[in-house]
Amino acid sequence: MKYFTFYCLFILSLLLLSPLSAKGNTNCVGCHQQAVSNWQQSDHAKAMDVAETQTVLGDFSGVEVTHYTQVAKFYQKDQGFYIHFTEAGESTQYRVKYTFGHYPLQQYLIEGTDGKVQVFPFAWDSRVAEDGGQKWFPMYEQEDIQPADRLHWLQPLQNWNGMCADCHSDGLTRNYDVEHNQFDTKWDNINVGCQSCHGKMPDHAETASSGQLSLSLSEQKAIGQWLIDDGEKIASWHGEPRDNTFMETCFACHSLRTPITDGIKPNVAFLDQFLPSLLVPPMYHADGQIKEEVYVYGSFLQSKMYAAGVNCLDCHDKHTMKIKVEGNGLCLQCHSAEVYQQPAHIRHEIDSSAGQCVSCHMPETTYMGVDARRDHSFKVPRPDLSIKYDTPNACNGCHLSQTPSWAADIITQWRGASVLSASQGEDFLALMHEGRLPVSAHFSLINNAELSEIVRASAIAMLPSSIAELTDKDIKAWVNSQHDLIRFAVAGVGQLLPVKERLKSYRTLLDDKLTAVRLTAANHLLDAGLSHNDSFKNALQILLNANEVSMWRGESALNQSMLYLQLGKFKDTVKTLQHGINVDPYFVPNYVNLADVYRNTGEGSKESLILEKGLKANPTSAVLHYAQGMSLIRQQKKPDSIQAFRQAVKLAPENVQYVYVYFLALDGIGQTPLALRELKLALSRYQYHPQLQQLGFNFAQKMNDLEALAYFQKIAKKTAR
């Protein structure tokens, strides 16, 4: 027996001394005990886990929760956690496979078929009871999500493998098989551990054992710090220039982005792995404050702190990821207490919640029902901008019964005659609010080097709303910009350049150092005759591969099909659209595009069948009813088209095109008097749209209806003023 015990201890010692190339975080403990201990306190450590007694926070004591037509009973059996779920009249028992997150909510993952794991539609509010927590709640509190809905929990948008997995586990790859619509998802470690930030570091064990972990003289010299110089209010960096590129690893998960690779590799450029979302409505408010769930990247890149060189670890501990100092002390590391921790600046009781820096400069927005997240653009409260641009402001976020005008007056009293300038520039606010700018103002905004890179890039992305066509002269400086997001953004507006202009400086983006820029440019050079160009072929292949990575959802199938269509690969186009319909049946555009392909290839019967299939799955889709109406017109079934157009108008009453074609269809079957009567009744609802006015005038002339003619002439004069 003693030999067996010795053998076990010997094997255990080998495991403890195994090289760090092995998977998991256990290999790091021996040398980095404090770092691992700190990490265990982090949200990263609890990002995902196997559902066990010590990891499940929710009440599985048999409690039952009802939400509209859904009833969920949470219970335990044979040391497992189960949910008896009734919806659409059917009951199913599910076993919880994994926990997902821990605070302020914990979600639960259900293992399905074909390697798919889905997010259950009820979550546990893990906040303390005093804050309203310790209860189950539905993820869509105001909606009764039915099985035939794209937001249903068994549909792709609630799929863990594609939507969530890569940011919650180390070294995860989705391994999606397009041909069989299945996943073989793998990870190195179930939660976010050492590897997610540091990589696998295969040679680290040898370096550690050689005793070469001390800092070199140059590394010691490079260590700097934030110091407040005499006479200054805010600290500046003292030391060698900082290299903040490590934040791109943070941004990989803390951003709204589209993946272009399978899995995340730390220390690889952000734009080599993702296409980031820029500052565009409705995701952001006009002044750049967060609106929808956009995470931190787009917010922080706007800030003066980012511009000054502040990085994530100046405020957050590198392993616990919690803020380094509670309360205003965190900000007072760099902002002079003699200036900012004073009643004259705070204007509220210093020890009150309103006296906290974050209350005014990092207001919260709540997502997923209970998850309050702070804006990282660190803006100054501007109720005056709320009046003009309908943006939120921290003042009225607390003083709910007061108006922005009241708050603006108070701030004017405090600040006296001094005037705050909008940090993004007034033109950007106007662009975000109105959606367009005069061309000269739009160009000036883009070329304003005093504005942040992401603001200028976002302005480039919004150019299609202000201008119909660009020239090489317009974009040449942007193509050659040292700023990555500027080049990425200009790559995305290639459609504004005529093909001849695209073959000038724009073409050089195919050789850009960043993958996101190259593949975006390739997407706009499909019709430029570059099929034999090596740079184009390489970038195109990357683009095709990027779409395939995400073909588990309808959008990527649509994007891929559009590539094949432009390349003249009709069989691949059809196959890809059919795949998109099969995997994501409630994503309407794939039905419409496939019907168009069948129409253009002379397969009218298939066009009708796919529209019928689309309407069966999506009976409330206005665009499908409209497409069916147009198909019936082409089949010379004009009377049958009326109901389709009428339904499209009912479902999308704001769409002028739908109602215009509906009236034309009535006229086409000889019901011009009815069309004229309904048009007159509808005209005000469409703000007397000129196209509808002219149609009514034509109908009146056709019917020789003098009263109607006079009516439309009167309307024309009135709206022309």
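Not measured: the values here are computed from a predicted model. (Residues numbered from 1 in each chain as written. Predicted model: local features only at pLDDT ≥ 70, side-chain atom pairs only at ≥ 80, totals over all residues. Heavy atoms only, no water.)

The full count for this structure, using the stated rule, is one disulfide. Linked covalently through their sulfurs, Cys167 and Cys253 form a disulfide whose S-S length is 2.3 Å. For the disulfide bridge between Cys167 and Cys253, the dihedral angle about the S-S bond is near -105°, and by the sign convention the bridge is left-handed. Taken together, the positions of Cys167 in the loop between α3 (160–163) and β10 (176–177) and Cys253 in the loop between α7 (247–251) and β14 (257–259) put the pair 86 residues apart, joining distant regions of the chain. (Disulfide = S-S within 2.5 Å. Helix = DSSP H or I, 4+ residues; strand = E, 2+ residues; numbered from the N terminus.)

On to the packing of helix α25 (residues 554–566) against helix α27 (residues 589–600). At a closest axis distance of 10 Å, the pairing of α25 and α27 adopts a crossing angle of 20°. Relative to α27, the element α25 lies roughly parallel. By crossing handedness, the relation of α25 to α27 is classed as left-handed. Contact with α25, carried on its side by Gly554, Ala557, Leu558, Met562 and Leu565, involves Pro589, Asn590, Asn593 and Val597 of α27 and no other residues of that element. (Axes fitted to C-alpha atoms, helices over the stretch in contact; angles between N-to-C directions. Parallel < 35°, antiparallel > 145°, perpendicular 65-115°, else oblique. Left-handed = near helix turned anticlockwise from the far one by under 90°. Contact = heavy atoms within 4.5 Å.)

Right, let's get into the pattern of salt bridges. This structure, assessed with the given rule, holds 28 salt bridges. Residue Lys504 is joined to Glu501 by a salt bridge in which the shortest nitrogen-to-oxygen separation is 2.8 Å. Among the salt bridges present, the one from Arg634 reaches Glu607, with a minimum N-O distance of 2.6 Å. Taken as a pair, Arg634 in helix α29 (residues 622–634) and Glu607 in helix α28 (residues 604–617) lie far apart in primary sequence, 27 residues in all. Note on Glu607: relative accessible area 5%, which makes it buried. Each of the salt bridges in this network shares a partner with another, and the network as a whole consists of Arg150, Arg553, Glu555 and Asp584. (Salt bridge = Lys/Arg side-chain N within 4 Å of Asp/Glu carboxyl O. Buried < 20%, exposed > 50% of the residue type's maximum accessible area, 1.4 Å probe, protein only.)

For the rest of this paragraph, the subject is the environment of Pro381. Tracing the backbone through its elements, the reader meets Pro381 in the loop between β17 (371–374) and α14 (383–389). With 245 residues separating them in the primary sequence, Pro381 and Tyr626 have C-alpha atoms 46 Å apart. The residues touching Pro381, leaving out its near neighbours within four places in the chain, are Cys360, His361, Ala394, Cys395 and Ile411.

With that settled, the discussion passes to the pairing of strand β5 (residues 90–100). Remark: a regular strand shows side chains that alternate across the two faces of the sheet. Taken together, the three bridges between strand β1 (residues 48–50) and β5 define a ladder with antiparallel strand orientation. What sits directly across from Met48, in β5, is Phe100. In sequence, strand β4 (residues 80–87) turns back onto β5 through a hairpin of two residues, with Ala88 there showing a positive phi of about 50°. With four bridges connecting them, β5 and strand β6 (residues 105–111) associate as antiparallel partners. Its bridge partner being in β6, Thr99 is matched across the sheet by Tyr108. (Pairing = 2+ DSSP bridges.)

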